[in-house]
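Listed below, chain by chain, are the residues.
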2 protein chains.
Amino acid sequence: MRISMPRLRGVLSPVLTPFDAGLAPDRKRYLAHCRKLLDSGVGLAVFGTNSEANSLAVEEKLDLLDYLLENGIPAGRLLPGTGCCALTDSVKLTRAAVAKACGGVLMLPPFYYKQVTDDGLFKTYSEIIERVGEAGLRLYLYHIPPIAVVPISAVLIEKLLKAYPGVIAGIKDSSGDWNNTQMLLDNFQSDGFDVFCGSEAFLLRTLRGGGAGCITATANTNAPAIVDMYENWQNAGADAKQAAITATRNIFAGLPMIACMKAVIARELNDPGWAMPRPPLMPCPPDKIDAVMAELKKAGYKYI
Amino acid sequence: MRISMPRLRGVLSPVLTPFDAGLAPDRKRYLAHCRKLLDSGVGLAVFGTNSEANSLAVEEKLDLLDYLLENGIPAGRLLPGTGCCALTDSVKLTRAAVAKACGGVLMLPPFYYKQVTDDGLFKTYSEIIERVGEAGLRLYLYHIPPIAVVPISAVLIEKLLKAYPGVIAGIKDSSGDWNNTQMLLDNFQSDGFDVFCGSEAFLLRTLRGGGAGCITATANTNAPAIVDMYENWQNAGADAKQAAITATRNIFAGLPMIACMKAVIARELNDPGWAMPRPPLMPCPPDKIDAVMAELKKAGYKYI
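Quantities reported herein were computed from a predicted structural model and do not represent experimental measurements. (Residues numbered from 1 in each chain as written. Chains lettered and ligands numbered in written order. Predicted model: local features only at pLDDT ≥ 70, side-chain atom pairs only at ≥ 80, totals over all residues.)

Residue and element names in this part refer to chain B. Across the sheet, which stays open at both edges, the 7 strands sit in the order β2-β1-β7-β6-β5-β4-β3 with parallel pairing between neighbours. Unpaired on one side and paired on the other, β2 (43-44) and β3 (105-107) mark the two borders of the sheet. With 2 bridges joining them, strand β1 (residues 10-13) and β2 adopt parallel strand pairing. Across the sheet, the residue bridging to leucine 12 is glycine 43, located in β2. Lying on the sheet, helix α9 (residues 219-231) is in contact with β1 and β7 (213-215); it crosses β1 at an angle near 175°. (Pairing = 2+ DSSP bridges. Helix = DSSP H or I, 4+ residues; strand = E, 2+ residues; numbered from the N terminus. Contact = placed C-beta atoms within 7 Å. Axes fitted to C-alpha atoms, helices over the stretch in contact; angles between N-to-C directions.)

What follows is about the interface of chain A and chain B. Where interface size is given, it is often the accessible area lost as the parts come together that is meant. On the chain B side, the residues contacting the 32 residues of chain A number 32 residues. Broken down by secondary-structure element, the contributors of at least two residues to the side of chain A that touches chain B are α3 (87-99) and α4 (118-132) of chain A. In terms of residue count, α4(A) provides more of the side of chain A that touches chain B than any other element does, 6 residues in total. Broken down by class, the residue content of the side of chain A that touches chain B amounts to 19 nonpolar, 6 polar and 7 charged. (Nonpolar A, V, L, I, M, F, W, Y, C, P; charged D, E, K, R; others polar.)

We now examine the relation of the copies chain A and chain B. Between the two copies, chain A and chain B, the superposition gives an RMSD of 0.0 Å; the rotation angle is 180° and the shift along the axis is 0.0 Å. Both copies of the chain, as the preceding transformation shows, are related through a two-fold rotation axis. Closest approach to the rotation axis among the C-alpha atoms of chain A is made by A:Tyr112, whose C-alpha sits 4.0 Å away. Looking at the interface residues of chain A, 100% of them are also at the interface in chain B, so both copies use one shared face. (Least-squares fit on C-alpha atoms with pLDDT ≥ 70 in both.)

Taking 1.5 Å per residue, 13 residues should reach 18 Å; helix α2 (residues 58-70) of chain A reaches 18 Å between its end C-alpha atoms and fits that length. Where α2(A) is buried, its residues meet α1 (27-39) and α3 of chain A together with α3 (87-99) of chain B. One or two residues past the end of α2(A) sits A:Gly72, with phi positive at roughly 90°. (Expected span 1.5 Å × (residues − 1).)

Further remarks concern the packing of α3(A) against α4(A). All names here are of chain A. At a minimum axis separation of 9 Å, α3 and α4 run at an interaxial angle of 45°. Accordingly, the angle class assigned to the pair α3 and α4 is oblique. Of the two possible hands of crossing, α3 and α4 adopt the one that is right-handed. Packed against α3, whose contacting residues are Leu87, Ser90, Val91, Thr94, Arg95 and Val98, the element α4 presents Thr124, Glu127, Ile128, Arg131 and Val132 at the interface. Its residues assigned to classes, the contact of α3 with α4 comprises 5 nonpolar, 3 polar and 3 charged. (Parallel < 35°, antiparallel > 145°, perpendicular 65-115°, else oblique. Left-handed = near helix turned anticlockwise from the far one by under 90°.)

Think of two packed helices as two axes; the pair is described by the angle between the axes and how far apart they sit. Residues and elements named next belong to chain B. Where α9 meets helix α10 (residues 238-250), the axes come as close as 9 Å, and the angle between the chain directions of the two elements is 150°. Taken together, the axis directions place α9 and α10 in an arrangement best described as roughly antiparallel. For the pair α9 and α10, the crossing hand works out as left-handed. Side by side, α9 and α10 meet where Asn222, Ala225, Ile226, Asp228 and Met229 of the first sit next to Lys241, Gln242, Ala244, Ile245 and Thr248 of the second. Across the contact of α9 with α10, the residue classes tally to 5 nonpolar, 3 polar and 2 charged.

Let us now look at the sheet that holds strand β2 (residues 43-44) of chain A. Residues and elements named next belong to chain A. As summarised here, the arrangement of the 7 strands in space is β2-β1-β7-β6-β5-β4-β3, forming an open sheet in which the pairing is parallel. Looking at the sheet topology across the chains shown, the edges are occupied by β2 and β3 (105-107). In terms of strand pairing, strand β6 (residues 194-197) meets strand β7 (residues 213-215) through 2 bridges, oriented parallel. Pairing of phenylalanine 196 across the sheet is with glycine 213, part of β7. Across the sheet, helix α9 (residues 219-231) touches β1 (10-13) and β7, and the angle it forms with β1 is around 175°.

By size, the foremost hydrophobic cluster in this structure holds 203 residues, and its most contacted members are A:Leu79, A:Tyr140, B:Leu79 and B:Tyr140. If one sorts the elements of this core by residue count, helix α11 (residues 257-269) of chain A sits on top with 8 residues. If sequence neighbours within four positions are ignored, B:Tyr140 has contacts with B:Leu79, B:Gly104, B:Val105, B:Leu106, B:Met107, B:Ala169, B:Gly170, B:Ile171 and B:Lys172. (Core = buried A, V, L, I, M, F, W, Y, C linked by C-beta atoms within 7 Å. Buried ≥ 20, exposed ≤ 12 C-beta atoms within 10 Å, placed from the backbone.)

The subject of this paragraph is the pairing of strand β4 (residues 139-143) of chain B. Residues and elements named next belong to chain B. A large share of β4 lies buried, amounting to 5 of its 5 residues. The side-chain alternation of β4 yields two buried faces, one formed by Leu139, Leu141 and His143 and the other by Tyr140 and Tyr142. Of the pairings in the sheet, the one linking β3 to β4 comprises 3 bridges and is parallel in character. Across the sheet, the residue bridging to methionine 107 is leucine 141, located in β4.

Looking down a regular strand, the side chains alternate between one sheet face and the other. All names here are of chain A. With burial as the criterion, each face of β6 is covered, one bearing Asp194 and Phe196 and the other bearing Val195 and Cys197. Inspection of the sheet shows strand β5 (residues 168-173) paired to β6 by 4 bridges, in the parallel sense. Bridging across to β6, glycine 170 finds its partner in aspartate 194. Between the parallel pair β6 and β7, the chain is carried across by helix α8 (residues 203-208), and the sense of this crossover is right-handed. (Right-handed = clockwise from strand over helix to strand, strands pointing away.)

For chain A, mean pLDDT is 96; residues scoring 70 or higher make up 99% of the total. Model confidence for the complex: the whole-complex pTM is 0.97, and ipTM, which rates the interface, is 0.97. (pLDDT = per-residue confidence, 0-100.)

This is the structure:
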């Protein structure tokens with residue numbers, strides 16, 4: 001059944017993780033936000049960078065995943081981040097995601113040691129895939145060198161695709177470097193390997209290049225316009241739509257994006273508690289968020 | 001009782017973590033190695049960078065810690081690394097270390113997000129200290145920008161020392177930059193804040209500057225000479241001893257140090273299984289280890 005499940009495409013978002021006053025994940029706020037994203041046509045890349053996933057314990061992630069599924073979130077729309085520094089943690093999370101029939105997993109390389117070899121990264125992914133041992137696993141590689149500081153090279157992708165065709169299902173390219181996305185589209189794209197850009201700023205170019213869509217943090221706060229771009233990319237006016245969503249994204253440029261997006265949602269919901277990130281991230285200063293809200297409204301932004 | 005416990009001083013080592021054939025931590029090999037280090041006068045900074053600690057799940061670390069203590073390793077000689085990306089993980093590990101009366105904890109900053117603020121790092125350490133809530137906690141900061149890519153600044157140290165005197169007990173400086181160690185010795189050293197260099201190459205200079213010692217990976221394979229340097233630093237011949245241990249350390253320069261040290265121990269114990277790191281690290285190539293062994297023997301190195 002899993003093998004024939006529709007592949008993930010379109011717009012996904014690393015879902016922001018709201019916390020309660022004690023800095024524990026707030027399941028109710030989380031579920032409500034996930035439902036809104038789904039209703040807007042956005043798939044749920046839970047436990048991504050912008051989800052503060054690495055600031056959560058494995059058990060906290062498993063608990064949130066269970067809660068979403070128990071409350072009717074369709075597993076096929078979930079793409080949990082399961083790549084940890086510790087091999088055993090990555091295996092545990094990935095196993096859970098496959099057992100629950102998630103649409104795929106998005107997997108960071110282990111990111112503590114720097115300048116590790118492609119062989120070492122291959123061995124990491126390989127051990128995880130073998131230990132999970134499920135043909136239904138769809139593993140999307142997560143390339144985000146500005147933060148992980150451990151890149152996913154073309155050599156590594158080639159080796160993984162050769163060893164695990166069908167399991168290595170695609171990549172999220174958060175390099176911020178279009179040349180890299182283009183290289184991925186040119187060299188690796190196939191029925192079994194989908195390229196997602198990591199920012200909606202590259203969405204139209206990615207789709208025109210045959211890519212599968214984007215997995216972008218700012219879909220948390222600008223879902224309708226980004227989904228509209230995706231749905232109409234072959235129609236007249238696509239370039240204008242692209243320019244508009246890029247401009248809206250750029251409102252966050254140079255700001256602490258996670259905290260700012262949380263603050264935007266807190267304002268929109270009139271729920272100040274939503275704004276709190278978990279340390280080491282800090283709340284967005286009120287003066288900055290005033291300016292962001294004003295810019296967003298000027299840009300015609302609509303919250304979901 | 002804990003308050004009056006002797007403070008950690010001298011030579012400590014981030015204990016290498018041996019694995020079994022299934023890549024699980026090998027408790028027996030580990031215990032034997034810890035005992036040898038202690039017998040050589042080396043304190044046990046378990047779960048450090050060179051311990052592959054971030055490649056281990058929290059539960060794996062708790063299990064190893066329990067095993068050492070159950071087998072008579074004195075808690076006061078243990079300085080476990082307890083700093084994780086996730087606040088809740090750091091709290092869990094630190095609580096366990098304090099409950100078991102470890103000599104202190106060595107705490108990385110959360111290292112996934114880069115360019116976080118000093119306020120965000122202060123809030124992280126502060127939350128951990130408050131949640132652990134034990135006056136007996138002795139927290140040593142772990143500054144290792146080449147790998148964590150998240151530094152511990154002077155501003156942060158000052159703020160933490162002011163807020164938590166007695167708890168903030170010192171720092172391991174693994175910047176590799178003597179100017180930084182000198183700055184720490186000049187500005188922060190006190191009865192309650194001990195400076196450890198992160199390499200024996202700086203040991204004599206650190207001790208002459210009033211520092212407490214070093215916490216160095218290569219004590220795993222060159223313990224006797226490094227301890228001899230520490231014990232005789234005020235005696236004639238100290239500079240020659242320093243030159244010798246630096247030269248021995250430099251044999252590992254440019255090599256994958258963790259894998260090479262493991263391979264050295266595997267050779268010395270005639271126990272090939274010792275050589276295996278956990279991915280993403282890879283075993284040291286045999287030709288490299290041949291050269292290292294030859295150099296070590298030429299340098300008069302003695303294994304413990």
